[in-house]
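# Structural overview
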Amino acid sequence: MRELLPGGLEPHVAAAWLRDDAHPVALAGAWAGGGAVLAGNPVRVADAAVDDPFALLDEAFAVDDVPDEGVFGGWFGMLGFGLGRRLEPVPPPPPRPAQLPPFALAFYDHVVRRDAEGRWWFEALWTPERAAALDAARDRWRDRLTGARCQAPCMRAHGAHAPVTLALVAPGAEGHRAAVAAGRERIAAGEVFQANLCLRLEAEFEGDPLALWCRGVERLAPAYAAYVGGPWGAVASLSPELFLRRRGREVVSEPIKGTAPDAPGAREALAASAKDRAENVMIADLVRNDLGRVCAYGSVEATALAEPRPASGVWHLVSRVRGTLRDGVGDGELVRAAFPPGSVTGAPKVQALRVIHELEATGREAYCGALGFASPVAGLELNVAIRTFEAAGGRLWLGAGGGVVWDSEPEGELREALDKARPLVRAVGLELDEPRTPAAVLPALPWALAEGRDRPDPDEGLLETVLVRDGAPVALAVHLARLTASAAAVGLPVPAGDLPARCAAAASGTPDGGRLRLVHTTAGTTVDPGPPAPQPARVLELRPWVLPGGLGAHKWADRRLLDALAADGTTPLLVDLDGQVLEAAHAAVLVRRGDELVAPPLDGRRLPSVSRARLLAAHDGPVTIAPLTLDDLTAADAVVLTSALRGAHPARLADRPALSPA
C-alpha cells in the first residue's frame, strides 16, 4: 500500500519528528535510490539477548505483486562490530567504556519515504489486522509533513547546553602512534598485510543525538547517513560508505580505503598515491573473496577500482565490487559472509580482527559495524558505520582511524584519523580538543597479548573478592555496589537481593583472614568461601607488560591472562601505550614521596579499587591523583600495592634497585 503525501520538507527537517516515536530510524542520502526513509513505532523489537540478528534479516513475510520501487517496511537497525566474534574465532575485545547492545533491530510495517524527485510517500506492508493503525500512522505523517513545528528542533546541535568538546580517550595520541608502530611490526612479521586501527574521541553529553544527526545531514549531505535510537541510546551515522546492497540477486559493495583532506590538488595526489591505492586494492580483493563465498562462480568482479570521490571534508578512494547470489542464499547468509566490513578490519580479515583487538585500547560498539535495512520489497541495504557518533549513559563518542600498511607512518595515521573526524565535529556544532605535541615514547616492554594470550573473556562474568574478619565480610556494601554498577554497565542482571545475606552466612564459617569469591554471570551470583590469601614475605617484584587500554573498570572472573603473566614468579604490572602505569595483577598501584601518597587517576582504564579508596581516605598526609610512569616508580621512596585481601604491601620493579619499605 502506497500513498503520496503533501509537503516538501527536507529529510533533516522531517526526521526531527521521530523524537516523538518509539525506536526511531532515519536514513538519508542515496538509500533506496535517493532521498530518505523514516520509520518509528515498530511492530516487533528484537531481543538482543536471545535473537540471532542474521537469521532475523530473512524473517520477512511474503509480499504479493512486489512493486518496482519503494521500501514499505522490513527490519531496520544496527549491527554492532562485536558481532564478528559470533562469526569468526576472534579473541575478546578491549575494554568497553560505554556499552551498546550487540545489535538493535526492529520490524516496521510502514515507512515514509522521500524519492529522488523530492516527493514524500507513505508506504506500508498492509494487513487487515493493522489497517486502523496504518491509517492513523498515515494521517499522523500527513500532518507532520505539512506542519511547521519541526523546523526549529533540528537546527540545534545538542540542546541548550554548554559547548561539548570531544577529546581523545586515553591512551590518546601517543597510544595511537604506538599502536600504528606495533601494527607495522605485525606486518613485517607476516601476520597481516593491513590492519585498520582506530582511536576514540569522547565527551560528556546530555543533548539530543537526533538533533545532532539532523544538523550533520543538513550540512554534510553524506551518502549513507543513518540514525537508530532506542532505550539503550542512539547511533548517529554520517557515513559515506556502502557496505552491501542487494536488489534481486545482484549484490554490490563499495569499499573505501585511502583518504586525503579536501585541499587544492588533493584529488590528484590521492589518485597518484601508491600507498593509498595499495590499501584500496587489497581491501577490494578481500571484498571479492567475501562475496565469492555466497555468489555464483565467476559472477564476482570489480567494476571500479580506487576511484577518487569527494566526501565530508575529505577525498576517498572507492572501489565497486558486484556479484550474483547463488540460489538459496538469503540476506542473513550474505551478511554473515561479509561481516564485519573488510574496509574497517584489514587483510586477512580474521587475523586483522585479532590484531585490532590486541592493539586498540577501547572496544568498538556500533562503530565499524553496519546500519540499514532488509526489506521484502527493496532488498538489503547497509552502510559501513564510519563517521558515526554514538550516545549512551551521558556520553557521546566518535571513532576514527585508517588502514595501516607497511608504508604507514604513525604521525601520518594520527593526522588521517583526525582529518576524518574534524569536519564531522564542526558540522554538528561540537568542538575538537586537538592533541598537542608528541609526549613520551613507550619504553621497550614485552606485550601481554603475545604467544596466544588473550584478554579476559567477558562471558565468564564478573568477580569480587571480599576479605573476612571476625566471621564477617569486610566492606561488603562497597564491594556489592561495585559489582552492581559493573553488572549494569556490561549488560548482566542486577545481583539478587538476597546476596548480602548469602555472603554473611558464608563468612560466618570462614577462617579469620579468609575470603569470599563472588562470580556474577547471566545465571546469577555464586559465593565460595576460601582460605586466607598468602601474605608476601618480601617486597614483591613487578614485571611490566604492555596491555593497550588495560583491563578496564571491571573486575573479570577470567584470570588466565594474569596467571600466565605471573608464571615466572613475578607480579605482572600493566602499562598502557602512553607509558602510564595502570595496575598490578591483584592490586592497585600507588607511590610514596616523603609523606605524600600518589595514585593514578580512575579514568576507565583501572579498576576502582575498594582498598585503594580506603587507603587514600586513611592516609595522614597529602594525597595526589596524577599519572604514574615506570620512571615515577623508580624515583619514588616506596611503591605500594593495595588489595582487599592483602591490604597495603611493598613492591619494586624487577631488575631495579630496591626502594625503602612502604
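Everything numeric here is computed off the predicted structure, so don't read it as measured data.

On to the packing of aromatic side chains, then. Tallied over the full model, the rule gives 8 aromatic pairs. On the numbers, 5.7 Å between centres and 85 degrees between planes, the contact of F76 with Y108 is edge-to-face. With F76 in strand β5 (residues 74–79) and Y108 in strand β6 (residues 103–108), this residue pair connects regions lying 32 residues apart in the sequence. The class of Y108 is buried, set by a relative accessible area of 2%. With 6.2 Å between their ring centres and 55 degrees between their planes, W213 and Y227 make a pair best called tilted. Residue W213 is located in helix α6 (residues 209–220), and its partner Y227 is located in strand β11 (residues 224–230); the two are separated by 14 residues in the primary sequence.

Strands sit in the order β30-β29-β28-β35-β34-β31-β32-β33 across an open sheet of 8 strands; the sheet is mixed. On the outer flanks of this sheet lie β30 (581–584) and β33 (623–625), each paired with one strand and no other. Each strand of the sheet is rotated relative to its neighbour by a mean of 35 degrees, with strand direction disregarded. Bridge analysis of strand β28 (residues 540–546) against strand β29 (residues 571–575) gives 5 bridges, and the strand direction is parallel. Considered in β29, the bridge of L542 is made with T571. With respect to the sheet, helix α15 (residues 610–618) is in contact with β31 (588–593), β32 (596–599), β33, β34 (638–643) and β35 (647–653), its orientation differing from that of β34 by roughly 125 degrees.

Glancing now at the nonpolar core. L38, W120, W213, F389 and L430 are the most contacted members of the largest nonpolar core, which totals 51 residues. The element that contributes the greatest number of residues to this core is helix α11 (residues 410–427), accounting for 6 residues. Residues V329, A338, L382 and V384 belong to the second largest nonpolar core, which totals 43 residues.

This part is about empty space enclosed by the protein. Here the structure, examined in full by the defined rule, presents 8 cavities of 30 Å³ or more. By volume, the largest cavity is sized at about 230 Å³. Every element with two or more residues in the lining of the largest cavity is listed here: α5 (172–188), β10 (194–204) and β22 (395–404). When the residues that make up the lining of the largest cavity are grouped by side-chain class, the tally is 13 nonpolar, 6 polar and 4 charged. Within this model, the second largest cavity holds a volume of roughly 170 Å³. Forming the boundary of the second largest cavity are 21 residues, of which K257, I386, R387, G401 and K420 lie nearest the centre. Of all the secondary structure elements, the ones that give two or more residues to the lining of the second largest cavity are β15 (256–261), β22 and α11.

Our focus in this paragraph is the pairing of β31. Alignment of β31 against β34, held across 5 bridges, turns out to be antiparallel. Looking at the pairing, V591 lines up with V639 of β34. With 3 bridges connecting them, β31 and β32 associate as antiparallel partners. Each bridged residue has a counterpart across the sheet, and for V591 the counterpart in β32 is V598. Counted between consecutive antiparallel strands, the loop separating β31 from β32 contains 2 residues, among which G594 sits at a positive phi close to 65 degrees.

Turning our attention to the sheet that holds strand β24 (residues 462–469). Across the sheet, which stays open at both edges, the 4 strands sit in the order β25-β24-β26-β27 with antiparallel pairing between neighbours. At either end of the open sheet lies a strand with only one pairing partner, and these are β25 (472–473) and β27 (524–530). Where β24 and β25 come together, 2 bridges link them in antiparallel fashion. Bridging from a neighbouring strand, V468 pairs with P473 of β25. Contacts between helix α12 (residues 476–490) and the sheet are confined to β24, β25 and β26 (515–521), with β24 contributing the most and set at about 175 degrees to the helix. Helix α13 (residues 499–508) rests against β24, β25, β26 and β27 of the sheet, and its axis sits at about 15 degrees to β27.

Quick look at the pattern of salt bridges now. In the structure shown here, the tally under the stated rule is 54 salt bridges. A salt bridge links E59 to R44; its shortest N-O distance comes to 2.7 Å. Placement of E59 in the loop between α2 (53–56) and β5 and of R44 in strand β4 (residues 44–45) is noted, with a sequence separation of 15 residues between them. For E59, a relative accessible area of 40% gives the class partly exposed. The partner of E254 in a salt bridge is R320, and the shortest N-O contact between them spans 3.4 Å. Of this pair, E254 sits in strand β14 (residues 250–254) while R320 sits in strand β17 (residues 314–324), and the two are 66 residues apart along the sequence. A relative accessible area of 13% means that E254 is categorised as buried. Using a relative accessible area of 23% as the deciding quantity, one classes R320 as partly exposed. Salt bridges linked by common partners bring E3, D135, R138, D139 and R142 together as one network.

Calculation notes
- Residues numbered from 1 in each chain as written.
- Predicted model: local features only at pLDDT ≥ 70, side-chain atom pairs only at ≥ 80, totals over all residues.
- Heavy atoms only, no water.
- Phe/Tyr/Trp six-rings, centres within 6.5 Å; stacked < 30°, edge-to-face > 60°.
- Helix = DSSP H or I, 4+ residues; strand = E, 2+ residues; numbered from the N terminus.
- Buried < 20%, exposed > 50% of the residue type's maximum accessible area, 1.4 Å probe, protein only.
- Pairing = 2+ DSSP bridges.
- Axes fitted to C-alpha atoms, helices over the stretch in contact; angles between N-to-C directions.
- Contact = heavy atoms within 4.5 Å.
- Core = buried A, V, L, I, M, F, W, Y, C linked by side-chain atoms within 4.5 Å.
- 1 Å grid on protein atoms, 1.4 Å probe; cavity = no way out; pocket = protein on both sides within 12 Å on 5 of 7 lines; lining within 4 Å.
- Points joined across faces, edges and corners; volume = space filled by probe spheres on them.
- Nonpolar A, V, L, I, M, F, W, Y, C, P; charged D, E, K, R; others polar.
- Salt bridge = Lys/Arg side-chain N within 4 Å of Asp/Glu carboxyl O.

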